[in-house]
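What follows is each chain in one-letter form.
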Amino acid sequence: MEFWLKVVIALMLAMMLWRLWPAAKHMLEHGPKGTSKDWMGVALPIGAVVLFIVFLVMMVRN
Amino acid sequence: MNEFNPTIARGRESVLATNKVIRNTYIMLSMTLLFSAVMAAVGMAINLSPGVSMMMSIGAIGLIWLVLPRFENSTGGIAVVFAIAGLLGAGLGPILNAYLALANGPQLVGTALGGTGVIFLGLSGYALTTRKDFSFMGGFLFVGILVVFGAMIANLFMEIPALSLAVSAGIIMLMSGLILFDTSRIIHGGETNYIRATVGLYLSIYNIFVSLLHILGAMSGDD
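The sections below set out a description of the structure shown in this document. (Residues numbered from 1 in each chain as written. Chains lettered and ligands numbered in written order. Predicted model: local features only at pLDDT ≥ 70, side-chain atom pairs only at ≥ 80, totals over all residues. Heavy atoms only, no water.)

Things to note about the overall build of chain B
Looking only at helices and strands, one finds eight helices and zero strands in chain B. Along chain B, helices and strands appear, N-terminal first, in the series α-α-α-α-α-α-α-α. The C-alpha radius of gyration of chain B comes to 19 Å, within 12% of the 17 Å expected for a compact globule of 223 residues. Expressed as lengths along the three principal axes of its C-alpha atoms, the size of chain B is roughly 70 × 30 × 30 Å. (Helix = DSSP H or I, 4+ residues; strand = E, 2+ residues; numbered from the N terminus. Rg over C-alpha atoms; globule rule 2.2 N^0.38 Å.)

Description of the nonpolar core
By size, the foremost hydrophobic cluster in this structure holds 72 residues, and its most contacted members are B:Phe134, B:Leu180, B:Leu213 and B:Leu216. Counting residues per element, this core draws most heavily on helix α8 (residues 194–219) of chain B, which supplies 13 residues. Taken domain by domain, the makeup of this core includes at least three residues from each of domain 1 (1–31) and domain 2 (34–62) of chain A. Residues in contact with B:Phe134, not counting those within four places in the same chain, are A:Gly41, A:Val42, B:Tyr126, B:Ala127, B:Leu180, B:Phe181 and B:Ser184. (Core = buried A, V, L, I, M, F, W, Y, C linked by side-chain atoms within 4.5 Å. Buried < 20%, exposed > 50% of the residue type's maximum accessible area, 1.4 Å probe, protein only. Domains from an automatic or database assignment. Contact = heavy atoms within 4.5 Å.)

What to know about the pattern of salt bridges
One pass over the full model with this rule turns up four salt bridges over all chains. Linking B:Glu159 and A:Lys6 is a salt bridge whose minimum nitrogen-to-oxygen distance equals 2.3 Å. On the criterion of chain membership, the pair formed by B:Glu159 in the loop between α6 (138–158) and α7 (161–187) and A:Lys6 in helix α1 (residues 3–30) is interchain, its members lying in two chains. Looking at A:Lys6, the relative accessible area reads 10%, which means it is buried. Close ionic contact of B:Arg196 with B:Glu72 constitutes a salt bridge, the shortest N to O distance being 2.8 Å. Of this pair, B:Arg196 sits in helix α8 while B:Glu72 sits in the loop between α2 (50–71) and α3 (76–91), and the two are 124 residues apart along the sequence. Residue B:Arg196 is classed as partly exposed on the basis of its relative accessible area, which comes to 34%. Here the salt bridges share partners, and the residues they tie into one network are B:Glu72, B:Arg185, B:Glu191 and B:Arg196. (Salt bridge = Lys/Arg side-chain N within 4 Å of Asp/Glu carboxyl O.)

Considerations on the environment of B:Gly115
Assignment of secondary structure puts B:Gly115 in helix α5 (residues 105–130). For B:Gly115, a relative accessible area of 2% corresponds to the buried category. Distance from B:Gly115 to B:Leu213, taken between C-alpha atoms, is 9.5 Å for residues 98 residues apart in sequence. Those residues within four positions of B:Gly115 in sequence are excluded, and the remaining contacts are A:Phe52, A:Leu56 and B:Leu212.

By themselves, these are just geometric observations and shouldn't be taken as functional.
Printed below as a string of structure tokens:
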């Protein structure tokens, strides 16, 4: 990738960081907190996604 | 007794409004994905250069940041969403052409496309059927996105293949979390604007597809 393109992408990402930071900070400080039971409810589908991607990788390797 | 109960009536109205947002979001999401696929085919056919593709992606981000907030409460917002989907779809053209040039390219693209569909439908189905409230994930997801952006900036100049793969894996996990978060927000009335909801889910699907394609391409041994 050409250097100027890398700089443009880096600037774009930095702008996104700058724009997202206040929202992230607000959500961390004032957002609802989950219990361990709530997080287990997230771990199940995300774990399934991980296993599914491993399956897809194995499929394209064979 | 046929007494009018305002609490139940309000509850029904709220459920109907939520169902309407869900229905409109999924209808618009399927239309924008279809439009994106058509524009990706156009981008491939006219052999867009990576530079133009990058400009299109920047244009789409500009529309999301600057134009969409002004039109999201009017029918003009629908045109903006299609413009975003069109730009991002056409911008995929050079990436798809590069992967399709590989020996097992069609298999990789097809697997990434099907895999993205299964992930989205599975996660949306999970959020819709369990009706769990995933709003507590907001802070974690935002911080995760910031960390991934930081790693992406660093890796633009360091060019470490393993970090690049880790970023793609991180994006898939974060976007999966965002699908749960966004769907749960619609169900529980946190998101009442189907135009905003569509853009959120569209971006999650788009990012999962691109990242999955990257991982499959690298792991298949042809990248």
